[in-house]
Amino acid sequence: MMPPRKRVKAVATRASTRLAKVAASRATSSVAKDAGVVGDGIAAHTAPQSDSNVGEGEQVLDRPARGPAFQTTREGFLNLPLDILLEIFGFLPPYSLLALARTSKDLRAFLMSRKSAACWKSARRQLINFPECPSDISEPKYAQLVFGEECHNCGLRANQAAVLALRIHYCTSCAVVMMVKEKTIRALVDKVQKASSRKDAVLGSTYILNRNVEFSWYYCKDEIDSLKAGWASLKTAEERVRFAEHRMDMVLERNKHADRVASWGFAERKREEQEMDALKKRRYEQILNILKREGWRKDIAAFSLAQLRLLAECAEVCVPRLLDTEEWPSIRGHVTDYIIKLRDRIDTNRAWDRQRRLRIKLMHTALTTHRTEGVRRTVESDLLPEFADLAGMPTFSKLLLTPMTVKVTLQDFSGLVDCLPAVQAEWFQARKCDFRRLITEQMEVAEGVDPLALAVVTYRCTVCKRTGMRWPNVLAHRCLRPACNIDNPVTFWDAVAHRCAKKGLPFVWCLGDSPTVVFDQDQRAKLSVAIRVCGLDPERATYEDMEHCGMRLFCGICSVPSIGYLEAYDWQGMLSHKRPRCDVLFGPSDEQVLNKWQVLDAVHTETVLAAEAAVPAKSNNAPDAYGCAHCSFRSDVRPSAHCTSAHGIAKPCLDEDYYVHLDSVSLTEGTSIPINIYPGYAWADRTAEKDVREGRGFFSPTLFAS
């Protein structure tokens, strides 16, 4: 029996000879056709010559020439002389040679033989920066690994990429059969690796995700058999070292080459995408120029960038091919129809935008007219919905969003202002539900207890980091009215925001999908400590309960003779007493920290309450938010200049022309100044004497006696 290599060589020789015979046969048939016609006009042709190199059962293709049109078929291609075929093969890329090899047994036998190596090398050079063929595989197999799609085992289309480092290309089903898991060959691999001082891999591997989506490394069975056979044939330790290092070098080289091919593939795909995008852009510019010449210039100039992008993504325009004169008539109707649709959409949007702005203006006029002269804004006004909020309520939005065909007048909005108190109450209840939901999502509330009334419930702003806000004052927080788009109003809310910016009105109230204000769990834990010390249940004690409990607290760690005084806090003021102060100065134990807050006795509590009543306005923080009493203007400083310029008030006064806004930090809990209690012997201390004189402290002859 003929050896495999010689048999392949013989088949290639017969294939090349056969290609030459086919060309000669086609030439003979053409001469016979020119010589005459037999019978009813069928062209005569000679019988094929016998080929001693053709094996038994093989036939040489022998069909008559069919005129000039036949030359474009496969048989016409085979009519070409062999040297011309070889010249053509040299200009084709590898994937084209693979496709060509599937068209004919003769071509496949020739292209898969060693005689075609020059063709494959020339084809590989057609690709820019394509890595060289490895020395351990042939050029056709290299091309098949990189560009082929068939599974090496079943021959079907593989559903995963080839593993170039292992020289295999399997589908998922065959990969599980033709490969083994790492644990089955771990002992062999460890044995080979121990022969060398290096710890590199001696087998190429890849990973497969099984049905349970479990990651596992797999090795090729042929590689394993080769490793086993090679390792078993070794006799000396020196041979084992050389064998192990040779395997490591081979795996490293294969992996490096596979990485180079992968990098080339990524760069090639990126280059192709850039070429496709460039062709699409040139085609788009060609179509735009043609449309402008045909009278669509003004329509195209009116399009925004987003609308031009829609035109560029149109099916007839977004094609990676330059436009020719024959193609334009066939797509012209589709493109112009698309432009007409975009133009009509623009006209409709412009008309609707004008109508929408007019309706918003009419609504603002009706609400402004309804406001009674002489009625000033107060802190209660900060809890009511503003103009932008009312525009979103169903009572008004239904009229604002009425179809354009319906005429809306000022009288229509004026007829709705009588419902304003009900609309304001509806908005307030909706916001109440929003803040109640923030609480119930993070804590369990006892049955029959309103979570908004609980003493432990405060809110924290995720934007400005403000803490200690309570319901309902939190409604007035500035971060809940973020700025909106006013440069290019597109949506309904953009148009409302445009009107608010033009008239100096607050923007729409918005809690946000990721809430701007959240329930403060840290404050809840701290306040729970104070409530328990006062003898109440934190899960049920309300804000009113704690305000009327009449107890005052002091820190048991700080209240020592070495300090010289005691600070008496209310249940909220204790938040300003920071724990690190106690820890750093005195280093108390954990038990002392947990139980540091104590209730002041009744006698001294009565004195503290009297001192607090004498200085009710004292606070650690000055007001940082003011509201105008004549309009919705808000400022971080006293709005005296605004009252003078906008309302003609020469000398604005607090509580008459402007007021402290509900969002002011001075109204936040935990900011009150504690009352200091000094021992009787500290009467000569200047600080103690000053605090007592200003009403922020008093002397106690008995509290520090012990």
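In this text the structure is predicted, and so the values were computed from the model without any measurement.

Student: Tell me what's going on with the packing of helix H4 (residues 94–101) against helix H7 (residues 139–147), and back it up with residues and numbers.
Tutor: Two numbers describe how H4 lies on H7: the axes approach to 10 Å, and their chain directions differ by 100°. By the angle between their axes, H4 is roughly perpendicular relative to H7. Within the contact between the two elements, H4 uses Pro 94, Tyr 95 and Leu 98 and H7 uses Ala 143, Gln 144 and Phe 147.

Student: Any details on the confidence of the model for the protein chain? Residues and values, ideally.
Tutor: Mean pLDDT for the protein chain: 80, with 81% of residues reaching 70 or above. Throughout residues 1–12 the model reports pLDDT below 50, and contacts reaching past four residues in sequence, or to other chains, amount to seven contacts. When the criterion is pLDDT under 50, residues 26–71 qualifies, and its contacts beyond four places in sequence or with other chains add up to 43 contacts.

Student: Give a description of the sheet that holds strand E12 (residues 634–635) that names residues and reports values.
Tutor: Spatially, three strands are ordered E12-E11-E13 in an open sheet, and the strand pairing comes out antiparallel. Every other strand in the sheet has two partners, leaving E12 and strand E13 (658–660) as the edge strands with one partner each. Pairing of strand E11 (residues 626–628) with E13 involves three bridges; the strand directions are antiparallel. For Cys 628, the partnering residue across the bridge sits in E13 and is Tyr 658.

Student: Tell me about the environment of Ala 101, and please be specific about residues and values.
Tutor: Its place among the elements puts Ala 101 in helix H4. Apart from the residues within four sequence positions on either side, Ala 101 is in contact with Arg 108, Leu 111 and Met 112.

Student: Tell me about the packing of aromatic side chains, and please be specific about residues and values.
Tutor: What characterises a pair of aromatic rings is the spacing of the ring centres plus the angle enclosed by the ring planes. Counted by the stated rule, this structure contains 17 aromatic pairs. Relative to Trp 493, the ring of Phe 492 has its centre 5.2 Å away and its plane inclined at 70°; by these criteria the two rings are edge-to-face. Overall, Trp 493 belongs to the partly exposed group, its relative accessible area being 37%. Members of the aromatic cluster, joined through ring pairs, are Trp 427, Phe 428, Phe 435, Tyr 459, Trp 471 and Trp 509. The residue whose ring lies beneath Arg 240 is Trp 231, and the NZ or CZ to ring-centre distance is 5.8 Å.

Student: So what's going on with the pairing of strand E14 (residues 675–679)? Residues and values would help.
Tutor: For E14, the buried fraction is high: five of the five residues fall into the buried class. Taking every second residue as pointing to the same face, both faces of E14 are buried, with Ile 675, Ile 677 and Pro 679 on one and Asn 676 and Tyr 678 on the other. For E14 and strand E15 (residues 697–700), the ladder comprises four bridges, and the chain directions are parallel. Note on E15: the bridge partner recorded for Tyr 678 is Phe 699. Running through helix H25 (residues 686–693), the crossover from E14 to the neighbouring parallel element E15 is right-handed.

Student: Account for the sheet that holds E15, naming residues and giving values.
Tutor: Taken in spatial order, the three strands of this open sheet run E9-E14-E15, and their pairing is mixed. Of all strands in the sheet, those with a lone pairing partner are strand E9 (566–568) and E15, marking the two edges. With direction set aside, neighbouring strand axes in the sheet form an average angle of 30°. As judged from the three bridges shared by E9 and E14, these two strands associate in the antiparallel manner.

Student: Outline the pattern of salt bridges, supporting the account with residue identities and numerical values.
Tutor: Taken as a whole, this structure holds 37 salt bridges when the rule is applied. Of the charged contacts in the structure, one is a salt bridge between Glu 149 and Arg 157, with a shortest N-O distance of 2.4 Å. Since its relative accessible area comes to 39%, Glu 149 is described here as partly exposed. On the basis of relative accessibility, which here comes to 62%, the residue Arg 157 falls in the exposed class. Arg 247 is paired through a salt bridge with Glu 223; the nearest N and O atoms lie 3.0 Å apart.

Student: For the nonpolar core, give the residues involved together with the corresponding values.
Tutor: Formed by 68 residues in total, the largest nonpolar core has its most connected members in Met 363, Leu 367, Phe 396, Phe 413, Phe 435, Tyr 459 and Val 517. Element by element, the count of residues in this core is highest for helix H17 (residues 420–440), at six residues. Excluding its chain neighbours within four sequence positions, the residues that come into contact with Leu 367 are Phe 387, Leu 390, Phe 396, Val 417 and Leu 420. Listed in part, the 19 residues of the second largest apolar core include Tyr 284, Ile 287, Ile 331 and Ile 346.

Student: An account of the side chain of Asp 663 is requested, with residue identities and associated values reported.
Tutor: Relative to the helices and strands, Asp 663 is located in the loop between E13 and E14. For Asp 663, a relative accessible area of 2% translates into the label buried. Within the local environment of Asp 663, its side chain forms a polar contact with the side chain of His 477, the two groups lying 2.8 Å apart. Within the structure, the side chain of Asp 663 is placed 3.0 Å from the side chain of Arg 478, a separation counted as a polar contact.

About the cut-offs
Residues numbered from 1 in each chain as written. Predicted model: local features only at pLDDT ≥ 70, side-chain atom pairs only at ≥ 80, totals over all residues. Heavy atoms only, no water. Axes fitted to C-alpha atoms, helices over the stretch in contact; angles between N-to-C directions. Helix = DSSP H or I, 4+ residues; strand = E, 2+ residues; numbered from the N terminus. Parallel < 35°, antiparallel > 145°, perpendicular 65-115°, else oblique. Contact = heavy atoms within 4.5 Å. pLDDT = per-residue confidence, 0-100. Pairing = 2+ DSSP bridges. Phe/Tyr/Trp six-rings, centres within 6.5 Å; stacked < 30°, edge-to-face > 60°. Buried < 20%, exposed > 50% of the residue type's maximum accessible area, 1.4 Å probe, protein only. Lys NZ or Arg CZ within 6 Å of the ring centre and 35° of its normal. Right-handed = clockwise from strand over helix to strand, strands pointing away. Salt bridge = Lys/Arg side-chain N within 4 Å of Asp/Glu carboxyl O. Core = buried A, V, L, I, M, F, W, Y, C linked by side-chain atoms within 4.5 Å. Polar contact = N/O pair within 3.5 Å; in protein donor to acceptor, adjacent residues only side chain to side chain.

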